[in-house]
Amino acid sequence: KNEVEQSPQNLTAQEGEFITINCSYSVGISALHWLQQHPGGGIVSLFMLSSGKKKHGRLIATINIQEKHSSLHITASHPRDSAVYICAADTDKLIFGTGTRLQVFP
Amino acid sequence: KAGVTQTPRYLIKTRGQQVTLSCSPISGHRSVSWYQQTPGQGLQFLFEYFSETQRNKGNFPGRFSGRQFSNSRSEMNVSTLELGDSALYLCASSLLPGSEQYFGPGTRLTVT
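Reading guide: rules and limits
- Counting restarts for each chain, with residues numbered from 1 along the sequence as it is written.
- To label them, take the chains in the order written and letter them from A, then take the ligands in the order written and number them from 1.
- With pLDDT at 70 or above as the cut-off, local features in this predicted model cover only qualifying residues; side-chain atom pairs require 80 or more to be listed or tallied, and sums for whole chains, interfaces and linings still use all residues.
- Only hydrogens and water are set aside when side-chain values are computed; all heavy atoms of the structure are taken into account.
- We count a salt bridge whenever a side-chain nitrogen from Lys or Arg sits within 4 Å of a carboxyl oxygen from Asp or Glu.
- Numbering of helices and strands starts at the N terminus; helices are DSSP runs of H or I of at least 4 residues and strands are runs of E of at least 2.
- The cut-offs for exposure are 20% and 50% of the maximum accessible area for each residue type, with area from a 1.4 Å probe on protein chains only; residues under the lower value are buried, those over the upper are exposed, and the others partly exposed.
- Paired strands are those between which DSSP finds at least two bridges.
- By the convention used here, residues are in contact when the closest approach between their heavy atoms is within 4.5 Å.
- As used here, buried area is the combined drop in accessible area, with a 1.4 Å probe, of two parts when they are placed together.
- Between N or O atoms, a polar contact is any pair within 3.5 Å; within protein, one atom must be a potential hydrogen donor and the other a potential acceptor, and residues adjacent in sequence are included only when both atoms are from side chains.
- Charged residues are taken to be Asp, Glu, Lys and Arg, nonpolar residues to be Ala, Val, Leu, Ile, Met, Phe, Trp, Tyr, Cys and Pro, and polar residues to be all remaining types, Gly included.

Chemist: Even after reading the chapter, I still don't get the pattern of salt bridges, so can you show me in this structure?
Modeler: One pass over the structure, following the stated rule, counts seven salt bridges over all chains. A salt bridge links A:Arg58 to A:Asp81; its shortest N-O distance comes to 2.9 Å. Linking A:Arg58 in the loop between strand 6 (52-56) and strand 7 (59-64) with A:Asp81 in the loop between strand 8 (69-74) and strand 9 (83-90), this pair joins segments that are 23 residues apart in sequence. Classification of A:Arg58 by relative accessible area gives partly exposed; the value is 24%. A salt bridge links B:Arg55 to B:Glu48; the nearest nitrogen and oxygen atoms lie 2.7 Å apart. Taking relative accessible area as the criterion, B:Glu48 reaches 5% and is therefore assigned buried. Each of the salt bridges in this network shares a partner with another, and the network as a whole consists of A:Asp92, B:Glu48 and B:Arg55.

Have a look at this one:
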């Protein structure tokens, strides 16, 4: 069993839909990272959180330390949100999930 | 402020050769981490350098090595290349270990 599990692996949505991506981990962490990777490879760090909830624009990330679970929500999704979203557990080194490929259609 | 830069962006090498990749962190950032991304294994941590010292290493063979210079620039080296080393190699810099990481565009290495 992987130390960091993400679901779903693939996700398609219509523009405007509310999207949730889940991440579960089995290791002790100092923080949980959410990353976005566009075609071509570039990775952008979206959130780094160790408790509670963070919001940036239409993106919201939550974490439940007791349940070892985090979620990334995208409100009012847009085609430009199409990308691979990756969660990573920070255990003094990053352990990555396998990613969720999101496609948002107009 | 300039972002993380990596050179070269693309590289083709032959089995058995060695390769050196370079990473220049954001100005003021002292920690540099390296990652390998392949379709089969996904993203995997290679190593992290801080103040010219390797502070952490992933589960990779000794053919993979790195170093960090006094200006925080970092290089990684892969010797005796194998076909399986074909991957996107990403570096990320942060102010300090454990702080938010900023990723470079990556170096795509193809081994033939």
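Chemist: Which parts of the structure should I look at to understand the pairing of strand 11 (residues 107-111) of chain B?
Modeler: Along any regular strand, the residues point their side chains to alternate faces of the sheet. All names here are of chain B. Burial along strand 11 is one-sided: Thr107, Leu109 and Val111 are buried, while Arg108 and Thr110, pointing the other way, are not. By the bridge criterion, four bridges tie strand 2 (residues 10-13) to strand 11 in an arrangement that is parallel. Across the sheet, residue isoleucine 12 finds its bridge partner in strand 11, namely threonine 110. The pairing of strand 9 (residues 87-94) with strand 11 spans three bridges and is classified as antiparallel. Note that in strand 11 the partner of alanine 87 across the bridge is leucine 109.

Chemist: Help me understand unusual backbone geometry, please; the structure alone is not making it clear to me.
Modeler: Among all residues except glycine, the phi angle is most often negative; among peptide bonds, the trans geometry is most common. Here the amide bond leading from A:Ser7 into A:Pro8 is cis, since omega sits at -5°, within 30 degrees of zero. The peptide bond linking B:Thr7 to B:Pro8 adopts the cis configuration, its omega dihedral lying at -10°. Tracing the backbone shows B:Pro8 in the loop between strand 1 (5-7) and strand 2. In this structure, A:Lys68 is a non-glycine residue whose phi angle is positive, near 55°. Within the fold, A:Lys68 resides in the loop between strand 7 and strand 8.

Chemist: Explanation requested: the pairing of strand 3 (residues 19-24) of chain B in the structure shown.
Modeler: Residue and element names in this part refer to chain B. Of the pairings in the sheet, the one linking strand 1 to strand 3 comprises three bridges and is antiparallel in character. If you follow threonine 7 over to strand 3, its bridge partner there is serine 22. Taken together, the five bridges between strand 3 and strand 8 (residues 74-78) define a ladder with antiparallel strand orientation. When the sheet's bridge partners are listed, cysteine 23 is paired in strand 8 with serine 74.

Chemist: In this structure, what is going on with the interface of chain B and chain A? I would like to understand it.
Modeler: How big an interface is tends to be expressed through the accessible area that disappears when the partners come together. Counting from both sides, the interface comprises 18 residues of chain B and, opposite them, 12 residues of chain A. Of the roughly 1300 Å² buried where chain B meets chain A, counting both sides, 55% is carbon and sulfur surface. Area buried by chain B at its contact with chain A is led by B:Leu43, B:Glu100 and B:Phe103, which between them contribute 38% of it. Summed over the shared surface of chain B and chain A, the number is one salt bridge. Two residues, A:Asp92 and B:Arg55, come together in a salt bridge whose shortest N-O distance is 3.0 Å. At the boundary of chain B with chain A, the tally comes to four residue pairs in polar contact (both at pLDDT 80 or more). Listing elements by their share of the side of chain B that touches chain A, those giving two or more residues are strand 4 (31-38), strand 5 (42-50), strand 6 (53-57) and strand 9 of chain B. With four residues, strand 5 of chain B is the largest single contributor of residues to the side of chain B that touches chain A. Taken together, the residues that form the side of chain B that touches chain A break down as six nonpolar, seven polar and five charged.

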